Amino acid sequence: MAVVSPAQVQRYLSGLVYPSSREELIDYAVEEGADEDVIDTLSMIPDDMYHSPEEVSQAIEEIQESPEEE
């Protein structure tokens, strides 16, 4: 599984109404045709309410910065 960039994720969230939960982000991305890597990335961000695309991007950047646990 590859974590994708915030820009790649935002392509599938364009038009989404905020605030949105992580589950709503995932559902919207699926409806917009997002691939498995985008869905997996959204699944890894904290289960929280997001109030803007910037908050989603920040959450993605934070998971990219943390070392993977194996």
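See above for the structure.
Residues numbered from 1 in each chain as written. Predicted model: local features only at pLDDT ≥ 70, side-chain atom pairs only at ≥ 80, totals over all residues. Heavy atoms only, no water.

Chemist: Give me the lowdown on the nonpolar core, citing residues and values where you can.
Modeler: The nonpolar side chains of soluble globular proteins are, as a tendency, buried together. One finds Leu-13, Leu-25, Leu-42, Ile-45 and Val-56 to be the most contacted residues of the largest nonpolar core, which totals 20 residues. Those elements that place two or more of their residues in this core are α1 (6-13), α2 (22-31), α3 (36-44) and α4 (53-65). Here Leu-42 is in contact with Val-9, Leu-13, Arg-22, Leu-25, Ile-26, Ala-29 and Val-56, once residues within four sequence places are set aside. (Core = buried A, V, L, I, M, F, W, Y, C linked by side-chain atoms within 4.5 Å. Buried < 20%, exposed > 50% of the residue type's maximum accessible area, 1.4 Å probe, protein only. Helix = DSSP H or I, 4+ residues; strand = E, 2+ residues; numbered from the N terminus. Contact = heavy atoms within 4.5 Å.)

Chemist: Before we move on, could you go through α1 and cite the residues and values that matter?
Modeler: What α1 keeps buried is the set Pro-6, Val-9, Gln-10, Tyr-12 and Leu-13. Considered in projection along α1, the buried side chains sweep an arc of 160° and stay on one side of the axis. Facing away from the buried surface of α1 by more than 90 degrees, the exposed residues are Ala-7 and Arg-11. Next to the buried residues of α1 lie α2, α3 and α4. Downstream of α1 by one or two residues, Gly-15 has phi in the positive range, about 95°. (Arc of directions from axis to C-beta.)

Chemist: So, α4: which residues are in play, and what are the values?
Modeler: For α4, with 13 residues, the first-to-last C-alpha span of 19 Å sits near the 18 Å given by 1.5 Å per residue. Three or more residues of α4 are buried, namely Val-56, Ser-57, Ala-59, Ile-60 and Ile-63. The arc that holds the buried residues of α4, viewed along the axis, is 160°, so those residues lie on one side. What points out from α4, more than 90 degrees from its buried face, is the exposed set Glu-54 and Glu-65. The elements touched by buried residues of α4 are α1, α2, α3 and β2 (49-50). (Expected span 1.5 Å × (residues − 1).)

Chemist: Describe in detail the packing of α1 against α3, supporting the description with residues and values.
Modeler: Interhelical geometry of α1 versus α3 gives an angle of 100° and a closest axis separation of 10 Å. Taken as axis vectors, α1 and α3 run roughly perpendicular relative to one another. Between α1 and α3, the contacting residues are Gln-8, Val-9, Tyr-12 and Leu-13 on the first element and Val-38, Thr-41 and Leu-42 on the second. Here the contact of α1 with α3 is built from residues that sort into five nonpolar, two polar and no charged. (Axes fitted to C-alpha atoms, helices over the stretch in contact; angles between N-to-C directions. Parallel < 35°, antiparallel > 145°, perpendicular 65-115°, else oblique. Nonpolar A, V, L, I, M, F, W, Y, C, P; charged D, E, K, R; others polar.)

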